Amino acid sequence: MLHRIDALRRKFRSLGVANFLLTKLSDIHHEGSSSIRYLCGFTGSNATLLITGKDAFLLTDGRYVTQAKEQVKGATVIISGGGSSAADGFVRELKTNKAIKIRGRVGFEIARLTYDMHRSFTAAFPSAPLVETTAVVEQIAAVKEAAEIAATRRAVEITDKVFNSLLSDIKPGVTELEISAEVTYRHMKFGAEGDAFEPIVASGLRSALPHGRASMKKIKSGEFVTLDIGCIADGYTSDMTRTVVVGKASAEQKKIYAIVLDAQQRAAEAVKPGAGCADLDLLARKIITDAGYGDYFTHSLGHGIGLEVHGHPRLFKNSKDKLVTGNIVTIEPGIYISDFGGVRIEDDVVVTADGGEILNKSPKHLIEL
Ligand SMILES: [Mn+2]
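Residues numbered from 1 in each chain as written. Predicted model: local features only at pLDDT ≥ 70, side-chain atom pairs only at ≥ 80, totals over all residues.

A. View of the sheet that holds strand β1 (residues 19-24). The six strands are arranged β4-β3-β2-β1-β5-β6 in an open sheet whose pairing can be described as mixed. If you trace the sheet from one side to the other, it starts and ends with β4 (76-79) and β6 (130-133), each paired once. In this sheet, adjacent strand axes meet at a mean angle of 25 degrees when their direction is disregarded. (Pairing = 2+ DSSP bridges. Helix = DSSP H or I, 4+ residues; strand = E, 2+ residues; numbered from the N terminus. Axes fitted to C-alpha atoms, helices over the stretch in contact; angles between N-to-C directions.)

See the structure below:
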């Protein structure tokens with residue numbers, strides 16, 4: 001993992017820092033927490049990674065002695081004791097450990113560092129000011145190595161298998177929660193570490209909720225059912241959405257589905273190195289708008305996936321980013337009509353040397369169950 005830590009160090013000059021501080025604190029629920037795993041391999045729930053100009057230190061607690069020894073590459077493991085909070089404990093260790101020297105400014109990620117950590121660190125190191133950075137590690141991590149693409153491919157294969165195995169279970173009378181439970185169970189049964197996120201199973205009018213959590217609602221004949229599911233394999237995520245109809249689709253359902261499918265396919269086909277993230281969003285949005293449903297496509301086109309399910313680059317209309325070889329992004333347009341229902345179709349697409357490769361093999365025609 002040293003090459004990743006070095007990639008971050010190479011950004012120090014432009015960031016105006018001499019060190020970098022990353023944390024994952026077990027006393028808070030922390031969604032964005034994979035930077036530490038990305039940089040040094042550690043997956044435990046409580047850690048601080050300090051990268052200086054020459055050294056790197058991974059601080060964790062006594063529960064992780066063996067795990068840290070096995071996992072951590074490119075950083076010196078230090079087992080630290082308690083404090084009044086996880087942040088306080090780590091800062092005490094940084095301050096008192098003789099091996100650690102912090103000189104100069106210290107970069108941190110604004111979306112990741114807690115206020116508690118910021119305050120404790122600032123009080124302990126008045127001459128090493130913290131400097132805000134935004135998504136620096138995320139941007140490095142957005143360009144995948146071959147092994148990362150292979151892991152993503154495996155996660156996508158498992159999710160494809162789960163989706164196809166579920167089709168015979170989606171029928172009138174079954175609750176959304178029953179389907180959701182099967183998604184979680186089968187992801188693990190088919191070889192995943194677990195879900196990448198809580199499965200979305202939304203039927204009937206609830207399919208108009210882009211992030212409708214599964215409920216006790218029973219699925220009925222004639223309804224759309226949107227499944228947005230993903231898993232983790234070797235640390236890497238899949239994220240796929242399919243919308244099916246239980247029974248025969250109505251003319252209106254077919255019409256809306258066809259518009260979303262057209263937008264999805266054309267945007268996915270336009271994925272290539274150099275493609276503007278905003279241009280891809282606009283391409284899909286124009287198709288939906290020209291069909292008269294622009295007001296019902298209420299979110300952005302997609303996002304990067306990797307160790308985290310929502311990462312860089314993000315495909316939205318004001319993005320300045322361009323895709324580069326090695327990115328893996330979702331393409332997921334949708335139409336959501338509150339008194340009718342909704343459709344979303346989502347694939348994971350790898351940016352290759354000369355185009356894009358859609359990883360998902362699940363069918364995209366309108367499936368009538
Ligand atoms: Mn997604």
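B. A look at helix α8 (residues 146-166). A rise of 1.5 Å per residue sets the reference length of α8, with its 21 residues, at 30 Å; its end C-alpha atoms lie 30 Å apart and thus fit the reference within 8%. Listed in full, the buried residues belonging to α8 are Ala151, Thr152, Ala155, Val156, Ile158, Thr159, Val162, Phe163 and Leu166. For α8, the angular spread of the buried residues around the axis is 160 degrees, confining them to a single face. Exposed and oriented more than 90 degrees from the buried face of α8 are Ala146 and Ala147. (Expected span 1.5 Å × (residues − 1). Buried ≥ 20, exposed ≤ 12 C-beta atoms within 10 Å, placed from the backbone. Arc of directions from axis to C-beta.)

C. Structural view of the domain arrangement of the protein chain. Domain annotation for the protein chain reports domain 1 (2-141) and domain 2 (146-358). Of note, the centres of domain 1 and domain 2, computed from C-alpha atoms alone, are 34 Å apart. Across the boundary between the two partners, domain 1 contributes eight residues, which contact six residues of domain 2. Breaking the side of domain 1 that touches domain 2 down by element, the ones donating at least two residues are α3 (35-40) and α7 (136-141). With three residues, α7 is the single largest residue contributor to the side of domain 1 that touches domain 2. (Domains from an automatic or database assignment. Contact = placed C-beta atoms within 7 Å.)

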